[in-house]
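As a plain string of letters, each chain reads:
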Amino acid sequence: MTGLTMFCTVAGAQDLSRKIPADALAVVTVKGGNLTELMAIKDFDTTFIGKEIISKLSRESNGSFKSIDDLGLDLSANFYYYHQSNDSVSYNCFLAPVKNAGKLDQIFSLSGKKFNTNGSLRTSFESDSTNITYWNDKFLLFVAAEGKSSYFALPDVSSRLGLQSYPGLPGTEVTIDSTTTVDYTEADDVVEVVVAPPPPPPAKKIPSVKNKKANASNKQKGKGKGVHKNTAKKKIAPVVEVPVKEEVVEEYPVAEEIVADTAYAVDDQYSGYNNAYFENEKIKKAIVGGWAAAMVAEVFDRNDLPSITGNKDFVKNIDNAAEVSVWIPGLNKLTEAYMPTNYFKGMDFFSGYGSLNFKVFLEEKTIRTSAGLVVNDEMVAAVKKIHKRKLNKKFLNYVNEDKMIGYMGYSVDTKAYLQEYPKLISKVYGTFFKDEVEMATDLFSLLLDEEAIGKVVKGDALFVFNGLSSKEVSYKAYDYNEENFETTEVTKTKQETLPDFLFMYSSDDTRLTEKLIAYGVKKEMVKNKNTYYELAIPKSPLALYFTIKDGIVFMGTDEAQLSQIGSNTYQSKINAIDRKMLLASNFSGYFSPKKLDARLPAGLFGQAQDKTQKTLRSLGDIRLKSNKINGNLISGEMSMDIPEGQPNALRYLFDVISTSLK
């Protein structure tokens, strides 16, 4: 039995991932079992966040809610979020395992939320008719559906549904963005418009969707029968008949009270506009609610729907050690669902990119995250050429871990990057601007000597952050004499916070840099300090010092440090962990919040100083690095150490969040 077959067999019997449709554009997995092993439910109830959640739910349920376990969900199983989208509607779906359906029933009842029961199935429709919750004795599915205004604005769709046109209010113009969504849970968010030209015509009585569709069908001889076009499956979905009548409003409730409360206080000349808009919203919300209800019902009624568990890449990215996992099948698929195709037709921004994954690991001594992106063979070849250079080992002779608060190092091959960059750009714009892109890339290669530039700036660099310092600076101000109306120039002082850093990069050809320095000295913009140089920045308290040594160009803010580098007296110190990270990775970084706290100038954050420093003291060392390319996977990871005395990463994370919220 193959791994995929075994997974599908186990998942089909135990896990809710089998309920996630095959065309999901994003899937988030939360492993409840891992979390409850790190922290018992009774312990979570006593945390600051747990108390806040319990308090809120207890108020909504008349005090009957005492623990997170009272939700009736199986907190030791896997929870899922997934996203679906097509040309007309998008669905945000939350899938949760149920342990005690009776407790769920009680919560809905006590909080005043109505639901219907049909055998073991419960259904609840929110007042705006687009948010739906279904649950039974095994699982719960909540769906927040959002209709796309770009779809309802299509002339044939608008006509078929009987939507009225409303040109706008006098002197303005109505604009509805294709990506705008409307939140009907708050009165102020019901509509956001920019108003304009002549008064709208009187409001017309809106025929039912069913009758309007029938008329359109007679005129077009059977064309345009579908209301909901599912682009993902390349076929027309079944028509959801939702007439705009009182009885249909009861089945998929429309927020009549919200519409009434948020109606504009305008005179009669605007009433046609208001009526048209709100009547249109009734129709659209009922239609979207119908689609959502049909989609959710299908999940509960059928067990033979194509599932995400049939996707080999999804199965491959399952990691039982990760507490949270995010999987996206393709960046192109996700962006195409929302990007206006009429504006970006012919452009492929994510050419060569495949699936994307992100994972969170809550371990005993660290919090670790990883991210990976699958790319095609052509992209792999380009990245390998660009990443063939490693960091200059000599950089480590100018790092002192006792002084530094953090660093960031990177290494690429400048020559390879300049050669590959035009090819990557042509992949994005080549279809739409084929001739222009070809000419631009040829001109780019002609004007730039990749090999010569690669010698001047090889492509590896290291930035070392040593902290912040406070410096007293003087500035000119003017005192005003109210008696004689004269102003007097005076000199005042103030404290400025300045960064302390050292930046270095490799260069095999420093002739250009040396010529620039000589020019600066000649023009008295640069001072020659024998073994190093000073660049004074006009009207700035910050001075920069730089030097060239051993094929490395140095630039920093600490004069003593540059003097030591120039005179070969600098004392370096670096531990094995940071040495390995810098030399083995094309990209690496480190930051110590505790060291920053110790060197933070007093009063820098004003009233928030104490809270900021308390938060910094609670954080461990943070490191990030890129990994070697593995097949077609480009990946990297970030980690944060946990201070001594913390049992595990989850408990520590809750302590940090509680500290920041208090």
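Owing to the predicted nature of the structure, the values given are computational and were not obtained by experimental measurement.

Cut-off values and rules
Residues numbered from 1 in each chain as written. Predicted model: local features only at pLDDT ≥ 70, side-chain atom pairs only at ≥ 80, totals over all residues. Heavy atoms only, no water. Helix = DSSP H or I, 4+ residues; strand = E, 2+ residues; numbered from the N terminus. Buried < 20%, exposed > 50% of the residue type's maximum accessible area, 1.4 Å probe, protein only. Polar contact = N/O pair within 3.5 Å; in protein donor to acceptor, adjacent residues only side chain to side chain. Patch = residues over 30% accessible without salt bridge, like charges linked within 9 Å, V, L, I, M, F, W, Y side chains within 5 Å. Areas by Shrake-Rupley, 256 points an atom, 1.4 Å probe, with all protein chains shown as cover. Salt bridge = Lys/Arg side-chain N within 4 Å of Asp/Glu carboxyl O. Core = buried A, V, L, I, M, F, W, Y, C linked by side-chain atoms within 4.5 Å. Phe/Tyr/Trp six-rings, centres within 6.5 Å; stacked < 30°, edge-to-face > 60°. Lys NZ or Arg CZ within 6 Å of the ring centre and 35° of its normal.

S.K.: Even after reading the chapter, I still don't get the environment of serine 411, so can you show me in this structure?
M.R.: Topologically, serine 411 is positioned in strand E13 (residues 406–411). For serine 411, a relative accessible area of 0% translates into the label buried. The sequence separation of serine 411 and arginine 389 amounts to 22 residues, and the corresponding C-alpha distance is 6.0 Å. A polar contact is formed between the side chain of serine 411 and the backbone oxygen of arginine 389, at a distance of 3.3 Å.

S.K.: Looking at this model, I keep getting lost on a nonpolar patch on the surface. Mind explaining?
M.R.: On the surface, a cluster of nonpolar side chains totalling about 350 Å² of accessible area is made up of Met408, Tyr410, Phe463 and Phe587. By secondary structure assignment, the location of phenylalanine 587 is in strand E20 (residues 587–591). According to the relative accessible area criterion, phenylalanine 587 is partly exposed, its value standing at 32%.

S.K.: Honestly, the pattern of salt bridges in this entry has me stumped. Any pointers?
M.R.: Side-chain pairing between opposite charges can occur once the charged atoms of the two side chains come close. Overall, the coordinates contain 25 salt bridges when judged by the stated rule. As a salt-bridge pair, arginine 122 and aspartate 137 come within 3.4 Å of each other at their nearest N and O atoms. Taken together, the residues span a long stretch of sequence, with arginine 122 in strand E5 (residues 121–125) and aspartate 137 in the loop between strand E6 (131–135) and strand E7 (139–147) at a distance of 15 residues. On the accessibility criterion, aspartate 137 (46% relative accessible area) is partly exposed. Here lysine 284 and glutamate 281 are joined by a salt bridge, their closest N and O atoms 3.0 Å apart.

S.K.: Honestly, the nonpolar core in this entry has me stumped. Any pointers?
M.R.: Considering soluble globular proteins, one finds that nonpolar side chains tend to be buried as a cluster. Counting 38 residues, the largest nonpolar core has Val27, Tyr82, Tyr91, Leu141 and Phe152 as the members making the most contacts within it. Per-element tally for this core: the top contributor is helix H11 (residues 271–301), with 11 residues. Counting residues in each nonpolar core, the second largest holds 29 residues, with Leu75, Leu140, Ile367 and Phe654 among its members.

S.K.: Quick question: what am I supposed to make of the packing of aromatic side chains here?
M.R.: Here a ring pair, both rings aromatic, is described through the centre-centre distance and the interplanar angle of the planes. Counted by the stated rule, this structure contains 22 aromatic pairs. Between the aromatic rings of tyrosine 134 and phenylalanine 300, the centroid separation amounts to 5.6 Å while the plane-to-plane angle is 50°, which identifies the pairing as tilted. In this pair, tyrosine 134 sits in strand E6 while phenylalanine 300 sits in helix H11, placing the two residues 166 residues apart along the sequence. There is no split in this pair, since tyrosine 134 and phenylalanine 300 are both buried. Summarising the aromatic geometry, the rings of phenylalanine 152 and tryptophan 291 are spaced 6.1 Å apart at their centres and angled 15° between planes, so their arrangement reads as stacked. Residue phenylalanine 152 is found in helix H6 (residues 149–152), and its partner tryptophan 291 is found in helix H11; the two are separated by 139 residues along the sequence. The residues phenylalanine 152 and tryptophan 291 share a single accessibility class, namely buried. Grouped by ring-pair contacts, the aromatic residues Phe125, Tyr134, Phe139 and Phe300 constitute a single cluster. It is lysine 113 that lies over the ring of phenylalanine 108; its NZ or CZ is 5.8 Å from the centre. Residue placement shows arginine 368 over the ring face of phenylalanine 361; its charged tip is 4.1 Å from the ring centre.

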